[in-house]
Amino acid sequence: MISSRPIFHLLKVTLEAKSAHAIHTGHGDTVHDSLVMRDANGLPTLSGSSLAGVLRHEYQRQYGESATQALFGYANGQDGQTSWLNVTWGLAHNSLNQAQEGLLTSAQLDDPLYTELSDAKLIVRQRVRLNDRGSSVDSGKFDVTLVPAGTRYSFSISYWGDGSDESNKQWSRLLKLFVERNIRIGRGTKNGYGLFEAVALHQSVWDLTTDEGQSAYSNRGRTRMDYKYMEPLNTQPELDGNETPIQLSASLELSAESAWRLGGGERYLANASSYNDDREPDMLPMHEAKIYWTKKPNGTQVGEIGEQQYLLPASAIKGAIRHRVAYHYNCLTSRFVDDDSAYESDESPAITALFGYAKDNESRAGILAFQDIYLETQKQQVLMHNKIDKFTGGVINGALFSENVLWHTSIKIKLDVVNPDKVTDPDIKLALHKSLTDLANGWLPLGASASRGLGVFLDKDNKGIQWSDNQTWIETRGAV
């Protein structure tokens, strides 16, 4: 116990991944470019330093640098202060919704969910960076290994306070970080990875100057799943009808005009299709499996890996909008290729402000964070293609191939504006608005083979772009 800070706060957190995610080791192997960080049992994990860094960054964004230093500590030359927080590592849950601690036995690792999560490369997403002409950028091909959506982790945070109003306010602010918004952890958070929400929160506060507090502290539960002497907290924000949501976000409901496909699939999901050929189609849509949690009659929850389902990754949405924003910004600022005044995409002020940049020793994160779209059972078709000899008009030998496409799919695109105050230029906001409008009008296709008519989505119900602040941010200074 710290004599000047005898009030001990303890918070136990369970997070559930809403998207594929990973904290990586920083290196790859002979096959893949990046590998998932794992604990001593070979299971994916959330490191304590990563969790503390994410919380510190979000706390600083909301409450300022001085308040952050007072809680998380700092080091500045000879001056500094220790952090009053202690953050443990996040351990993955087994199929019985329990985070097992210590070195696990073979029997414990035979759990169905742990068996799946122990796979070194459970999900591998192939990525390629395209330029504004639709061609791959040099050295822009890479892959990312990920952990599936639905994975749960538990960790704890402890805090030593002095009982003052300021100390209590620090703890209250920290609790709000898990309630008021989803948390993004790990790599590629702006590309749809690493989106988490708190599904369980338990806290306790003990005054160690009292016998009751000392007894409860000494007999407290030592594991992440032991909630002895702790009370559950509501994980949903309590907002009245007139309060503005904490997180600025936008959504757009679209329907595919006909067919679309985003490549990367490894096998044919033969459901709701009239394709009867024994051979799988040559080109397949992207698909992944998620973990689902089912509540039993006794109140316990059981997790299992679900079936493969089709996916529209956030990176595909972000890439298309990114190039269209660059185009609209050039138009709005009267910069055209005819006089060589047009910005290249990577140099455009709109791109660097909204999507961030990394160049030489300088970098800045973007403010737009997109979300992956997992699709339930979808209509699909298999299209047959022939390549025709342009001289003879006949079929080229060996050029018959098939393409598995999705049909008349309904999707809901979601994006969060993480730091809206960083962008005030009305032209940048208008370029973003026009790009989203192009998407809603079917002028900005998504996915592969747009030149063949695939990937056209429309806002058939004319709902438009739904902003959580009723367009206050996007309309500021006459942007729209």
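What this report covers is the structure whose coordinates are included nearby. Positions within a chain are numbered from 1, following the residues in the order the chain's sequence is written. Reporting in this predicted model follows two pLDDT cut-offs: at least 70 for local features of residues, and 80 or more for side-chain atom pairs to be given and counted; totals over whole chains, interfaces and linings ignore these cut-offs and use all residues. The side-chain numbers reported here are obtained from all heavy atoms of the structure, hydrogens and water having been left aside.

### Things to note about the sheet that holds strand β15 (residues 287-288)
Now for step 1: Ordered by their spatial adjacency, 3 strands build an open sheet running β15-β18-β22, and the pairing between neighbours is antiparallel. With one partner strand each, in any of the chains shown, β15 and β22 (373-374) form the two edges of the open sheet.
Now for step 2: Each pair of strands is called paired provided DSSP finds at least two bridges between the two strands. Only DSSP runs of H or I reaching four residues or more are called helices, and only runs of E reaching two or more are called strands; each is numbered from the N terminus. Two elements, β15 and strand β18 (residues 309-312), share 2 bridges in a ladder whose sense is antiparallel. Counterpart to His287 in the pairing with β18 is Tyr310.

### Examining unusual backbone geometry
Now for step 1: Backbone geometry places Asp340, a non-glycine residue, at a positive phi of 60°.
Now for step 2: For Asp340, the position within the fold is in the loop between α7 (314-332) and α8 (349-355).
Now for step 3: Of note in the backbone geometry, Asp360 takes a positive phi value of approximately 55° without being a glycine.
Now for step 4: Mapped onto the secondary structure, Asp360 falls in the loop between β19 (356-359) and β20 (362-365).

### Some points on the environment of Gly306
Now for step 1: Position of Gly306 among the secondary structure elements: in the loop between β17 (301-305) and β18.
Now for step 2: In sequence terms Gly306 and Ile291 are 15 residues apart; their C-alpha atoms lie 5.8 Å from each other.
Now for step 3: Whether two residues are in contact is decided by their heavy atoms, any of which lying within 4.5 Å being enough. Discounting residues that sit within four places of it in the chain, Gly306 has contacts with Ala289, Lys290 and Tyr292.

### Regarding the nonpolar core
Now for step 1: Core analysis: the biggest nonpolar cluster contains 98 residues, and Phe178, Ile321, Leu432 and Trp467 have the highest contact counts within it.
Now for step 2: Every residue in contact with Trp467, bar those within four places of it in the chain, is listed here: Leu248, Ser249, Ala250, Val417, Leu432, Leu436, Trp473 and Ile474.
Now for step 3: Within the second largest apolar cluster, 7 residues are counted, among which are Phe8, Trp206, Ala216 and Met230. Among the buried residues, those of types Ala, Val, Leu, Ile, Met, Phe, Trp, Tyr and Cys that are joined through side-chain atoms within 4.5 Å form a nonpolar core. Exposure classes here rest on a 1.4 Å probe applied to the protein chains alone. A residue is buried below 20% of its type maximum, exposed above 50%, and partly exposed in between.

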